[in-house]
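Notes for the structure review
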Amino acid sequence: MGKYVIIGNGVTGTRAAEVLRGQQPDAEITLMTEEDYPFYRRPQLPDFVAGKVAGAALWGKRSEFYDRERLELRLSCRVESVDADAGKVRLASGEEVGYDSLLVATGRQVDGGGLPGEKLDGVVCLKTLDQAKALRESGGEGRRAVVYGDGLVALEMVRALAGAGFATTYAVPGPRIWPDVLDEDAADIAAARLRAAGAELVTGSPAERVAGTDGRARALVLANGTELEGEVFGVCARYRPALSFLPGDGGAFAVAEDLTTPWEGIWAAGDVTSDPSRGYFNWLRSWREGAAAGVAMAGGAVEPADKLDLLNMQIYGLSLVAIGKTTVAYRSGFSEMRGEYPYGEFYKKLVFDPDDVLVGAVLLGGIAEAGALEEAIRGRTKKADLDAGLLHQMFDRTYRTEYLGVQCPVCRHEIQLSPGAAAGDLVTCPICGVDFRLERGQGAAFVAKIAR
Ligand SMILES: Cc1cc2nc3c(=O)[nH]c(=O)nc-3n(C[C@H](O)[C@H](O)[C@H](O)COP(=O)(O)OP(=O)(O)OC[C@H]3O[C@@H](n4cnc5c(N)ncnc54)[C@H](O)[C@@H]3O)c2cc1C
């Protein structure tokens, strides 16, 4: 028994609460969120803004879930500070709530990273349902939008705004889209997709400021002097853990492998623990870490936290899975294995360390082998020991397909299918629970269509 408080009602906090309830049937469990909504599926927000899905498709849990699991859900409840010595959280309302165990599952905030003008009206983000609703209601037809920055949210904002009808320009600071994850060939495929979706790409100059008139943003000004004019500006320059309520603003915050923090009785899990220097967000890892946190808070032993980078997303309808190390520096001793085929809509690459151990993979367009590759990377498999059938399937396009996979249309988890899987089959995503049907995609690949 005990009093458990979970700050954050995203996938991490929700999964932690669910697992914790299984372990502690009689405990008092409170979930707090500064937002006004029960758990919803954040990766669906771009499709919601673009009008491709209705609001109902967003809900991950409804009120019956909280009733059944006896979870107290406190909405619009912002935590301002934590007194770790007294075991209390202080809310924006001034109320204090005591805890025996506390989980910090507050995710990451995206902002302009101190870019002058980032607070002007018209500078927006796409992290929450309220922000998505405002963008959807504003309508994009006949209006211009500019998105700036690298990383998942920047790319998702371009997709959302272009999909909503905005004439959208995407400015990236470097020579190509998301150089942390995509090499030149993969970035070219993504850029072609983006242009086909009607967006314009501007590369090679960091932003200097957002210029405004009468408090309203007017143009994104780049360091090379270019001014990109618009009415809506999505500025995604910094991905920061949301920790300001912790002692010392969370500045000295380090999460151990068992998800404990420097403060007794406080755990942390999910996106809030991600490397702040990278534009990574990760639903699947958050889901797994949330479950581990539930076990840890109940006093159970957990596996060391899984820090393998694992990105599952879609770039304009192209499934992307990036696992571990995905780009290789010149003369680093690392090597790549790629197919000889022309990179049209399809790109597969393996990355090996100087000892020929598989340390990374990028799959764009066809992601069927992702599960097997993740396993091989975790198992530190050497090049010579990789399954020949797997390599043939990846790099010899005439080879019979043995590995079958499909990406969940909601959380982008890549699901391995049984060899007998066929078009029309109904599949339930084990991570977010959405039901979808398999449809034939390119070649032997399947694509998912949400079942109505
Ligand atoms: C537009 C978009 C598209 C995405 N697409 C993909 C994708 O394709 N694939 C993928 O893997 N991932 C994707 N993601 C990322 C994925 O949604 C995140 O990895 C996941 O939501 C992280 O879960 P989390 O619970 O750790 O944090 P979050 O979902 O960020 O939840 C944090 C919670 O903390 C609460 N909170 C924060 N601060 C406070 C406070 N002070 N007081 C009270 N409550 C607080 C918030 O209200 C929220 O409930 C996407 C994200 C966005 C925004």
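Just so you know, these numbers come straight off a predicted model, no measurement behind them. (Residues numbered from 1 in each chain as written. Predicted model: local features only at pLDDT ≥ 70, side-chain atom pairs only at ≥ 80, totals over all residues. Heavy atoms only, no water.)

What follows is about the pairing of strand E27 (residues 435-440). Sheet topology places strand E26 (residues 426-428) next to E27; three bridges connect them, and they run antiparallel. For Thr428, the partnering residue across the bridge sits in E27 and is Asp435. Linking two consecutive strands that pair antiparallel, namely E26 and E27, is a turn of six residues; a positive phi of about 80° is found at Gly433 within it. (Pairing = 2+ DSSP bridges. Helix = DSSP H or I, 4+ residues; strand = E, 2+ residues; numbered from the N terminus.)

This part covers the pattern of salt bridges. Overall, the coordinates contain 28 salt bridges when judged by the stated rule. Note that Asp111 and Arg238 form a salt bridge whose closest N and O atoms lie 3.0 Å from each other. Highlighted residues: Asp111 in strand E8 (residues 108-111) and Arg238 in strand E17 (residues 238-241), separated in sequence by 127 residues. Between Glu374 and Arg288 there is a salt bridge, with its nearest N and O atoms 3.4 Å apart. In this pair, Glu374 sits in helix H8 (residues 370-378) while Arg288 sits in helix H7 (residues 283-297), placing the two residues 86 residues apart along the sequence. We classify Arg288 as partly exposed; its relative accessible area is 31%. A cluster of three or more residues bridged by salt bridges with shared partners is formed by Asp183, Asp185, Glu336, Arg338 and Lys349. (Salt bridge = Lys/Arg side-chain N within 4 Å of Asp/Glu carboxyl O. Buried < 20%, exposed > 50% of the residue type's maximum accessible area, 1.4 Å probe, protein only.)

Before going further, it helps to examine the site of the ligand. Inspection of the region around the ligand gives 34 residues, with Thr12, Arg42, Lys127, Asp271 and Asn312 positioned closest. Side-chain polar atom of Lys127 to an oxygen atom of the ligand: 2.8 Å apart, as the coordinates give it. Taking Glu156, its side chain carries an N or O atom lying 3.3 Å from a nitrogen atom of the ligand. Within the complex, the protein chains bury 98% of what would otherwise be the 1,000 Å² of accessible surface of the ligand. Counting residues per element, the ones that place at least two in the shell around the ligand are helix H1 (11-23), helix H5 (152-163), H7 and strand E19 (310-315). Tallied by class, the residues present in the shell around the ligand amount to 15 nonpolar, eleven polar and eight charged. (Near = heavy atom within 4 Å. Polar contact = N/O pair within 3.5 Å; in protein donor to acceptor, adjacent residues only side chain to side chain. Areas by Shrake-Rupley, 256 points an atom, 1.4 Å probe, with all protein chains shown as cover. Nonpolar A, V, L, I, M, F, W, Y, C, P; charged D, E, K, R; others polar.)

Before going further, it helps to spend a moment on the sheet that holds strand E28 (residues 446-450). Spatially, three strands are ordered E26-E27-E28 in an open sheet, and the strand pairing comes out antiparallel. The open sheet has two free edges, formed respectively by E26 and E28, since each of these has just one partner strand. Pairwise comparison of adjacent strand axes, ignoring direction, gives a mean angle of 45° for this sheet. Strand direction decides the pairing type here: E27 and E28, joined by five bridges, are antiparallel. Its bridge partner lying in E28, Glu439 is registered against Val447. (Axes fitted to C-alpha atoms, helices over the stretch in contact; angles between N-to-C directions.)

Another point: the packing of H1 against H7. Orientation of H1 relative to H7, taken along the N-to-C sense of each, is 35°, at an axis distance of 7 Å. Of the two elements, H1 crosses H7, and the hand of that crossing is right-handed. Only Trp283, Ser286, Trp287, Gly290, Ala291, Ala293, Gly294, Val295 and Met297 of H7 make contact with H1, whose side of the interface consists of Val11, Thr12, Arg15, Ala16, Val19, Leu20 and Gln23. When grouped by side-chain class, the residues that make up the contact of H1 with H7 number ten nonpolar, five polar and one charged. (Left-handed = near helix turned anticlockwise from the far one by under 90°. Contact = heavy atoms within 4.5 Å.)

Time to look at the sheet that holds strand E10 (residues 144-148). The strand order E9-E16-E10-E11-E12 describes an open sheet built from five strands, whose pairing is parallel. Of all strands in the sheet, those with a lone pairing partner are strand E9 (123-124) and strand E12 (200-202), marking the two edges. Direction of pairing for strand E11 (residues 167-171) relative to E12: parallel, over a ladder of three bridges. If you follow Thr169 over to E12, its bridge partner there is Glu200.

Let us now look at the environment of Ala154. Structurally, Ala154 can be placed in helix H5. On the basis of relative accessible area, Ala154 is assigned to the buried category, the value being 0%. Counting along the chain gives 155 residues from Ala154 to Asp309, while the straight-line C-alpha distance between them is 18 Å.

The next thing to look at is the pairing of strand E25 (residues 414-417). With four bridges connecting them, strand E24 (residues 404-407) and E25 associate as antiparallel partners. Bridge pairing in E25 places Leu404 opposite Leu417. Hairpin connection, E24 to E25: the antiparallel pair is bridged by six residues, and Arg412 has positive phi, about 70°.

Let's shift gears to the nonpolar core. Among the nonpolar cores identified, the biggest contains 60 residues, and Leu103, Leu350, Leu373 and Cys429 are the most heavily contacted of them. The element best represented in this core is H7, accounting for six residues. Of the domains in this structure, domain 1 (3-107 + 242-297) and domain 3 (310-450) are the two that each give at least three residues to this core. Those residues within four positions of Leu373 in sequence are excluded, and the remaining contacts are Ile323, Leu350, Leu358, Ala361, Leu363, Leu390 and Met394. Leu45, Tyr170, Leu182 and Ala322 belong to the second-largest nonpolar core, a separate cluster that totals 54 residues. (Core = buried A, V, L, I, M, F, W, Y, C linked by side-chain atoms within 4.5 Å. Domains from an automatic or database assignment.)

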